[in-house]
Amino acid sequence: MKKRTKINIILLICVILLVLIPFIFVKGSYGGSDDQGTEQIKKYDPSYKVWAHPVWTPPSGEIESLLFTVQGSLGTGVICYFIGSAHGKKKALEAKSKQEAEPKTEK
Amino acid sequence: MELVKKYRKFLMFLAIGFAYALAYPTTAHAMHIMEGMLPPKWCIFWFAVATPFFIYGLYRMYKIVNSGVPNAKVMLALCGAFVFVLSSLKLPSVTGSCSHPTGVGLGTVMFGPGVMAVLGVIVLLFQALLLAHGGLTTLGANEFSMTIVGPIVGFAVWKLCRALKVNRSVSLFLCAMFADWSTYVTTAFQLAIVFPDPNGGVGAALIKFLGIYAVTQIPLAIAEGLLTVIVYNLVISNDLWKESALQ
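In this text, all values refer to a predicted model and were calculated from it rather than measured experimentally.

Right, let's talk about the overall build of chain A for a bit. From N to C terminus, chain A includes 3 helices and 0 strands. Counting helices and strands in the order they occur from the N terminus, chain A gives α-α-α. Relative to the 2.2 N^0.38 estimate, which gives 13 Å for 107 residues, the radius of gyration of chain A is 25 Å and therefore markedly larger than a compact globule would have. Taking the principal axes of the C-alpha coordinates as reference, chain A spans close to 90 × 35 × 25 Å. Scored against the burial criterion, the 107 residues of chain A give a buried share of 15%.

Glancing now at the overall build of chain B. Along the backbone of chain B there are 8 helices and 2 strands. The secondary structure elements of chain B, listed N-terminal to C-terminal, are α-α-α-β-β-α-α-α-α-α. Looking at the 247 residues of chain B, the share that counts as buried comes to 56%. Across chain B, every contact between residues at least 6 apart in sequence was considered, and the portion connecting residues at least 24 apart equals 74%.

All right, on to the interface of chain A and chain B then. Each partner contributes residues to the interface: chain A has 53 residues there, and chain B has 64 residues. Put simply, the parts of the chain that give the side of chain A that touches chain B at least two residues each are helix 1 (3-25), helix 2 (35-44) and helix 3 (61-106) of chain A. With 15 residues, the top contributor of residues to the side of chain A that touches chain B is helix 3 of chain A. Residue classes in the side of chain A that touches chain B are distributed as 29 nonpolar, 17 polar and 7 charged.

Of all hydrophobic cores here, the largest spans 86 residues; its most connected members are Cys79(B), Phe82(B) and Ala188(B). Considering each element in turn, this core owes the most residues, 17 residues, to helix 8 (residues 201-237) of chain B. Aside from chain neighbours lying at most four places away, what touches Phe82(B) is Gly75(A), Ile79(A), Gly103(B), Leu106(B) and Val231(B).

What follows concerns the packing of helix 2 (residues 40-65) of chain B against helix 5 (residues 116-130) of chain B. Residues and elements named next belong to chain B. One can describe the packing of helix 2 onto helix 5 by two numbers: an axis separation of 7 Å at closest approach and a directional angle of 110°. In terms of orientation, helix 2 and helix 5 fall into the roughly perpendicular class. Here helix 2 contributes Phe53, Phe54, Gly57, Leu58 and Met61 to the contact with helix 5, which in turn contributes Ala117, Val118 and Val121. Looking at the contact of helix 2 with helix 5 residue by residue, the classes come out as 7 nonpolar, 1 polar and no charged.

All right, on to helix 2 of chain B then. Given 3.6 residues to a turn, an α-helix orients residues that are three or four positions apart in the same direction. All names here are of chain B. In this model helix 2 runs 36 Å from its N-terminal to its C-terminal C-alpha over 26 residues, within 8% of the 38 Å that 1.5 Å per residue would give. Within helix 2, the axis deviates most sharply at alanine 50, by approximately 30°, and proline proline 52 lies no more than four positions further along. The set of residues buried in helix 2 consists of Cys43, Trp46, Ala50, Phe53, Gly57 and Ile64. If you follow the buried residues of helix 2, they end up packed against helix 3 (72-88), helix 4 (105-111), helix 5 and helix 6 (139-163).

All names here are of chain B. An ideal rise of 1.5 Å per residue puts 36 Å on 25 residues; helix 6 measures up with 34 Å between its terminal C-alpha atoms. Largest kink in helix 6: about 30°, centred on valine 149, with the proline proline 151 one to four residues after it. For helix 6, a buried count of 18 out of 25 residues is recorded, marking the element as mostly surrounded by other parts of the structure. Within two residues after helix 6, lysine 165 carries a phi angle of roughly 60°, on the positive side.

Residues and elements named next belong to chain B. The backbone of asparagine 71 sits at a positive phi, close to 70°, despite the residue not being glycine. Among the secondary structure elements, asparagine 71 is positioned in the loop between helix 2 and helix 3. One non-glycine residue, alanine 132, lies in the positive phi region at around 50°.

All names here are of chain B. On average, residues of chain B score 86 in pLDDT, and 86% of them reach the 70 mark or higher. In this model, residues 20-30 is a region of pLDDT below 50 whose contacts with residues beyond four sequence positions or in other chains number 37 contacts. Both confidence scores are given for the complex: pTM 0.85, ipTM 0.85.

What counts, and where the lines are drawn
Residues numbered from 1 in each chain as written. Chains lettered and ligands numbered in written order. Predicted model: local features only at pLDDT ≥ 70, side-chain atom pairs only at ≥ 80, totals over all residues. Helix = DSSP H or I, 4+ residues; strand = E, 2+ residues; numbered from the N terminus. Rg over C-alpha atoms; globule rule 2.2 N^0.38 Å. Buried ≥ 20, exposed ≤ 12 C-beta atoms within 10 Å, placed from the backbone. Contact = placed C-beta atoms within 7 Å. Nonpolar A, V, L, I, M, F, W, Y, C, P; charged D, E, K, R; others polar. Core = buried A, V, L, I, M, F, W, Y, C linked by C-beta atoms within 7 Å. Axes fitted to C-alpha atoms, helices over the stretch in contact; angles between N-to-C directions. Parallel < 35°, antiparallel > 145°, perpendicular 65-115°, else oblique. Expected span 1.5 Å × (residues − 1). Bend = angle between axes of the 7 residues up to and from the residue. pLDDT = per-residue confidence, 0-100.

Here it is in C-alpha cells:
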C-alpha cells in the first residue's frame, strides 16, 4: 500500500474515533434543533420577539433528514466523481506510457 | 514505569475533562443563528458588512474561472461540494450535543479566502430555505461568521504555517481547524453584542455563548481538519490540482 493511502486510512480512523468518543463517555440528549442558543437569548432578553420565521419548515423529522441526506450525498457525489475520473485518467496515462516504453526496451 | 508515569498525567487530564463535561451537561445545539433571532438593525448591519466581501468573492471567482489554470472550474465545484457535505454532517460532541463543521478550509487553501464568500452563501441559502436551519434575515450574520471570518482566519493560519516551514498537511489541518472554530467564536460574539447579560454585560454573555458554541465545536473542528487533509491528499495524488497553482 502506498504511504499516502496509509496516512489517509489512519486519518479516517481518527475522525471516526472523534465522532464515537462522545457517545461512549458523555450522556447527552444530542438534540438536533437550535434551541439552546435561542433559550439563552430568551434568558437574557425575555422581551425579545422573534420577528421573522423560516419561509418553509420541513413537515417532519423524516423529511428533514431526507433533505440533509440529499445535501450530503449531492456533495459526496460531486467530490467522488471528480476524484474518480482523475484517478482513471492518471491510470490510463501511466498504462499508455508503459506501453510505449516497452517495445523500445525489447528491441 | 516511565511510560506509565507519562500516560498517567495524560489520563488524569482526560478524566478531569470528562468529569467536567459530565457535571455540566449543557444541551447546546451549536449552529448558525436562527431566523429572526437578530433585531432588524443588526440584520441590516451584517448584510452591509458581508456585501463587499461577497462582491470581491464574485470578482475572484470570475478571475479564477477565466484564468486558464487546468481544472480550476472542477476544483471550484469540488470545494463547494465539500462545504455542502460537511455542513450536512451533524456530529455529536463532548458537550453532549450536536453541531456541524463548515468545510471552508479546503477552498481557502486552494483559492484564497475570497471565493468562499460565494460558495458558502449557496450552502447557507440551501439550509435556510429547505431545512429551516439558519435564516434569511440572519443570512448576513451567518455569512460573516462562516464564509468571511472563518476563511480569513484559516488563510492567515495557512500562510503563517507555510512561512514557518510547517509540513503541508499539518498546515492544512490547522487552517481548516481554525477556520471552523473561529466561525463559531464569531457567532458567540455576534449574539453576545446583541444580547448582553443583564448583570454581567457583554463579557458574561460572551462566556456563556462561547460555552454553547465554541466548546462544542472543538472536537468537530479537529475532525474537520483531518477530513480536509484526506480530501486534499486525494486531490493532489490524482493530479487533479498542482500545489503551485494560484499561489
